[in-house]
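What follows is each chain in one-letter form.
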Amino acid sequence: MSAPKLVVERVGKRFDVDGQGSTVAIEDLSLDVREGEFLSIVGPSGCGKTTVLNLLAGLETPTTGRVAIDGRAITGPAPERGVMFQDYALFPWQTVEGNVGFGLMHGPAGDGMSDAARAERVRHCIDLVGLAGSERKYPHQLSGGMRQRTALARLMALEPQVLLMDEPLAALDAQTRIILQGELLRIWGQERPAAERRTVVFITHAIDEAVFLADRVAVMTSHPGRLKALIDVPLPRPRDDSTRATPQFQALAQQIWGLIRDEAYRATVT
Amino acid sequence: MRLRAGDLAQGAMLPLALVAIWQAWGMAAGVARVPLPSRIVAAAAELVGSGDLPLAIVQSVMRVFGGFAVAAALAIPIGLAMGTSSRVERAIDPLVESFRPIAAIAVLPLAILWLGTGTSAAIAIVAYAAFFPIVVNTVAGAQRVPPTLLRAAATMGLTRAATLRTVVIPSALPSIGTGLRIGMGVAWTAIVAAELAVGAKAGGGGSGGVGQMMFVYYAYSIELNRIVVCMIAVGLVAFALDRAIRGALALAMPWSRR
């Protein structure tokens, strides 16, 4: 097996609380993500899963340990590691087109590209997420699902090596979620050979979502955030709605629920 | 921005009623010099007809534009620097906040001493007055850029300069616009006050703008109706300028039109 794409090695992250010492978000966490792998991270709220994502994005630096991509230490954000934020982080003053092309127009991802090539990439990404016809709309004119699609198109337009997604579907209603889970797998390229897929780290608190999407599920526990288990998801691809009905899917979801149930229960009564 | 006839009628009701009461009361009391709507209309016709008032308004408007432009050119960059860097803010904020409560009219003697009684002193006073609301609102706008948008820009690899241009400024624009509107308002209070005072020192004359015109009618010829005409003229011009700024802001921010 080749070297992992992303490495999280014995990482600890401590946040200073104003004048009151500090809280430990993550403790001694190690995790490898393989090239082309779809990895989901699940865990109850407060388990530090978003912190793991921010460390990989370079938006935060570890207090101890190290995070690396292709063997190089991650020292800051870079367009090779694209991020999709929980609230989408669309620019309200940009249209769908402007948002999707933002990184190509104003960041290094578009360096050396002609205007025509940029426009073509934007066009392609908008088509990919099914937003053709809405190019000139502003975010406030879009539904939640359309905003999510815009954010996904913006992420794809950068052609990052690694896609970091922080609960991107959490704000959507149940039906839209299921539809977009399928879309996400299509866009990721589950129908293509594994070698052509991009590496994805996907944060979620929904166990069925984690199982449906991922090759492996990392289960975290909280206070402090630690990795509790890494579960392989050997469900065949391409996956579709029938996947959810298989006994194997159900068994995996049950297994993961068993790992976090006690903690999730405690979180509801404290 | 569209004015509907119904809204217009509703908005005009109270002012018209007040004017009618004023006229009735004045006619009943029968005092010679007291300003009355009918006398004001006559005075307005004279002042506009002679060209004196339009000329004075143009003079004042030019000074307001000059001072306002100076204020905006200084306040927006300084405000952006303060709003995006806590070091710059810590360095400049005490200075801004200690001068801000000092009314423009209070620094007028210094302006006259250094710049004389001409246009440059008037522009300096206007710039001083308009600077503070613009800078304070620009700082607030730049500080209130949603952090997640800054993070998004960072993950796309934007430089600091590109982030300022493409994220901070558009995000702060509504707030900067509010500062510009308030700044334009205080620019008018400042210019009238400055021209009044300069008029007092210069003892009248033809180039003092609408403020000096008011001073002359107040101190020399005691024509209260004409002073009211000047007040109304300033109000109308300031209102029109505010609408123009609002229109320009709406054009600059098509995403905020709902």
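Structure: above.
Here's what I pulled together on the structure shown here. Here the residue numbering is sequential within each chain, running from 1 through the sequence in written order. Here the convention is simple: chains get letters from A, ligands get numbers from 1, in the order in which they are written. Confidence filtering applies because this is a predicted model: local features only for residues at pLDDT of at least 70, side-chain atom pairs given and counted only at 80 or more, and all residues used for totals across whole chains, interfaces and linings.

1. Some thoughts on the sheet that holds strand β1 (residues 6–16) of chain A
Residues and elements named next belong to chain A.
Alright, step 1. If you trace the 4 strands from one edge of the open sheet to the other, you get β2-β1-β4-β5, paired in antiparallel fashion. At either end of the open sheet lies a strand with only one pairing partner, and these are β2 (22–33) and β5 (72–73).
Alright, step 2. Sheet topology note: the β1/strand β4 (residues 64–69) ladder contains 5 bridges and is antiparallel. Paired with Val8 across the strands is Val67, a residue of β4.
Alright, step 3. Strands β1, β2 and β4 of the sheet are contacted by helix α1 (residues 49–57), whose axis makes an angle of about 115 degrees with β1. In short, DSSP must find at least two bridges between two strands for them to pair. Each helix corresponds to a stretch of at least 4 residues labelled H or I by DSSP, and each strand to a stretch of at least 2 residues labelled E; elements are numbered beginning at the N terminus. We call two residues in contact if the C-beta atoms placed from their backbones are at most 7 Å apart. What counts as an axis is a line fitted to C-alpha atoms, over the stretch in contact for a helix, and the angles between N-to-C directions run from 0 to 180 degrees.

2. Looking at the pairing of strand β3 (residues 38–42) of chain A
Residue and element names in this part refer to chain A.
Alright, step 1. Counted residue by residue, β3 has 5 buried out of 5 residues, so it is predominantly covered.
Alright, step 2. To assign burial, the other C-beta atoms lying within 10 Å of each residue's own C-beta are counted, with C-beta atoms placed from the backbone; 20 or more indicates buried, 12 or fewer indicates exposed, and intermediate counts indicate partly exposed. Side chains Phe38, Ser40 and Val42 project from β3 onto one buried face, and the interleaved Leu39 and Ile41 project onto a second face that is buried too.
Alright, step 3. Across 5 bridges, the pairing between β3 and strand β8 (residues 199–204) is parallel. Of the residues in β8, the one forming a bridge with Ser40 is Phe202.
Alright, step 4. Note that β3 and strand β9 (residues 216–221) share 4 bridges and pair parallel. Within β9, the residue paired with Ser40 across the bridge is Val217.

3. Details of the packing of helix α2 (residues 37–50) of chain B against helix α3 (residues 52–84) of chain B
Residues and elements named next belong to chain B.
Alright, step 1. Where α2 meets α3, the axes come as close as 4 Å, and the angle between the chain directions of the two elements is 70 degrees. By the criterion of interaxial angle, the relationship of α2 to α3 is roughly perpendicular. Residues Leu47, Val48 and Ser50 of α2 form the contact with α3, whose participating residues are Asp52, Leu53 and Pro54.
Alright, step 2. Residues that form the contact of α2 with α3 fall into these classes: 4 nonpolar, 1 polar and 1 charged. Comment on the angle field: the value is read as roughly parallel under 35 degrees, roughly antiparallel over 145, roughly perpendicular from 65 to 115, and oblique elsewhere. Under the convention adopted here, Pro, Cys and the residues Ala, Val, Leu, Ile, Met, Phe, Trp and Tyr are nonpolar, Asp, Glu, Lys and Arg are charged, and Gly plus all remaining residues are polar.

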